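Architecture at a glance
The residues making up each chain are set out below.
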Amino acid sequence: MSHTDRQTWDEPVSRWVQLVVPGLLLAIGLFTAFYPTLLSGFTQVQQDLGDPRLVNYLLEHGFRWVHGWPGHESLWDPPFYHPARNIGALHDTLIGLGLLYWPVRWAGLPPDTAYQVFMLAVSSLNFAAAYLFMRRGLRVENTPAAAGAFLFAFANVRMARLLHQQLVAAYLPVLAILCVVLAFRSERRRQRTHAIWAFFALLTLQMWSGFYHAWYLILSLGLAMAWAGLSRRLRMPVRAFLLDSWVAVTAGGVAFLAASSPMILRHLAAARDVGFHDFAGDVLPRTAHLASWLYMGTPNLMYGLLQERAPFASLPMPVEHQLASGLVTTVVALAGLWLARHRPLVRLMVAVGATLAVLSTVWPGGFTLWTWVYELVPGGAAIRAPARSALIMLLPLSAGFALAVGGLERRGRFTVAALVLSVGIIEQVRSQPSFDKLRARDAVSRIASEVPEECPAFYVMTVPSTPGPLPYNPWKYHLDAMWAQLAVGSPTVNGYSGFQAAGWLPLYDNVVRDEDDRARLGRALTQWLDGRTLQAGCVVEVSAATR
């Protein structure tokens, strides 16, 4: 075969490999993360009956708001915690994420099935965005880029947060960072301007999708600017970039503030009513410890049995402290970052990641620098879980993993590269809890059937169906009522969200164990409704099984 014939043959083979390797790794990631859903034929929804159903409800509210459905005319007034106002500002609006959820609903799928497809789409976009960053931003080859994208999308630390899909969705920040990198590299002013505007558009969309990632993105870019100012190699190029692009940066910043201000003002108004997170009670238990950076969580298949011993057994709120990605994966990633330390982008990512780790850790003696962030950085008091900084630190970790795999490939050590990648995949695998959506639908239907059509609003109490104590799951019972609200259309006094509506707390424990509980809830309802009472039959008592 001639050289020309070989080159002609190799080109389609190369293109085929470039599609197969990322596709294979994406398929492996989706299966290991969502095997309960996939193997059950979409009858099982990942995680528990709590926060996933809240996220699903909020996505559905956004869908109905876009269509102007009765009861959902106002984005900021979803029909729970009735008659409180502006409760949409007690949590993320998820409007940006609705762009993935709404088309599935338009296709005719029911809300819970649309949510399952939405979860798969989020992880797929995480993978695609990270792959694009590795290829265009980090400039690594196809297979290493796919390896880094797998770690970013399906790392243990991210899969530990499937409970909160707004935290899993990280494709917008990655694309925004890529825009910054491309803008800084571009020698043409027009291309640079387009990249800057794309960055602010993505940042705005992220702000309307979830506050955590938007806030951490802004904080990370601020830290990157500070580190660049201290670098002799980057100081002058950054200064020249800002001088040449100040008009585009200023215009983009003003447009971002204008587009985000309605949401920011709503959230500030809600914060005045319910307050910010208490540092000692809410924030400190969710701040990383040194052991957190090695903690994989008991659901991790490779390390789970080790996680029940010291020093992990004493971690507060373990779900928030599952920050590790595996011993081999971490060592390989750090080695990749070290070998590529001559690259300015790599050094900057390492500096920002290390700074975030230092800031969000409780050091021996109980000291943490996060108190400064909480008190001095705008929006810092709204961050309840500083340990979630590990989610944005996944980008430099994934970059290091890609660089290491790429280095092994360049040296012809394909077997070692394949082994490293395989171990990296295995280290991320976790057991995934799930619930039966058909049983959840039945529970909701039972409530909806008990609500009279003429009810202007309703409140659900839960009573045992058999002798014995009910499991204390008020959050589950309130979410059942919220989903019943979607079925009947009338607003509900029940509610569940990141913050409770001001003054609503006496209605949280809606379990009726005896007549005293029934009287307690009656008084709480009257006080909540400002002396009014619900119509007869609109206080619904629903039985729940004891166990």
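Please read all numbers here as calculations on a predicted model, not as lab measurements.

**A closer look at the sheet that holds strand β4 (residues 367–368)**
Spatially, β2-β3-β4 is the arrangement adopted by the 3 strands of the open sheet, whose pairing is mixed. If you trace the sheet from one side to the other, it starts and ends with β2 (288–289) and β4, each paired once. Bridge count for β2 against strand β3 (residues 361–363) is 2 bridges, and the pairing is parallel. Note on β3: the bridge partner recorded for H289 is V362.

**Some words on the pattern of salt bridges**
Close approach of charged atoms allows side chains of opposite charge to pair. In total, this model carries 15 salt bridges according to the counting rule given. The closest approach of N and O atoms between R441 and D112, which form a salt bridge, is 2.7 Å. Of the two residues, R441 sits in helix α18 (residues 437–450) while D112 sits in helix α4 (residues 111–137), which places them 329 residues apart along the sequence. Among the salt bridges present, the one from R192 reaches D244, with a minimum N-O distance of 2.1 Å. Taken together, the residues R192 in helix α9 (residues 189–207) and D244 in helix α11 (residues 232–274) connect sequence positions 52 residues apart. Given the relative accessible area of 9%, R192 is considered buried. Classification of D244 by relative accessible area gives partly exposed; the value is 31%.

**Let's talk about the packing of aromatic side chains**
Within the structure shown, the criterion is met by 19 aromatic pairs. Aromatic pair Y115 and F118: ring centres 5.9 Å apart, planes at 25°, arrangement stacked. One end of the pair is Y115 and the other is F118, both in helix α4 and 3 residues apart, which spans about a single turn. By the burial criterion, Y115 is buried, and F118 matches it. Centre to centre, the rings of F150 and F154 are 5.4 Å apart; their planes meet at 45°, and the pair counts as tilted.

Reading guide: rules and limits
Residues numbered from 1 in each chain as written. Predicted model: local features only at pLDDT ≥ 70, side-chain atom pairs only at ≥ 80, totals over all residues. Heavy atoms only, no water. Pairing = 2+ DSSP bridges. Helix = DSSP H or I, 4+ residues; strand = E, 2+ residues; numbered from the N terminus. Salt bridge = Lys/Arg side-chain N within 4 Å of Asp/Glu carboxyl O. Buried < 20%, exposed > 50% of the residue type's maximum accessible area, 1.4 Å probe, protein only. Phe/Tyr/Trp six-rings, centres within 6.5 Å; stacked < 30°, edge-to-face > 60°.

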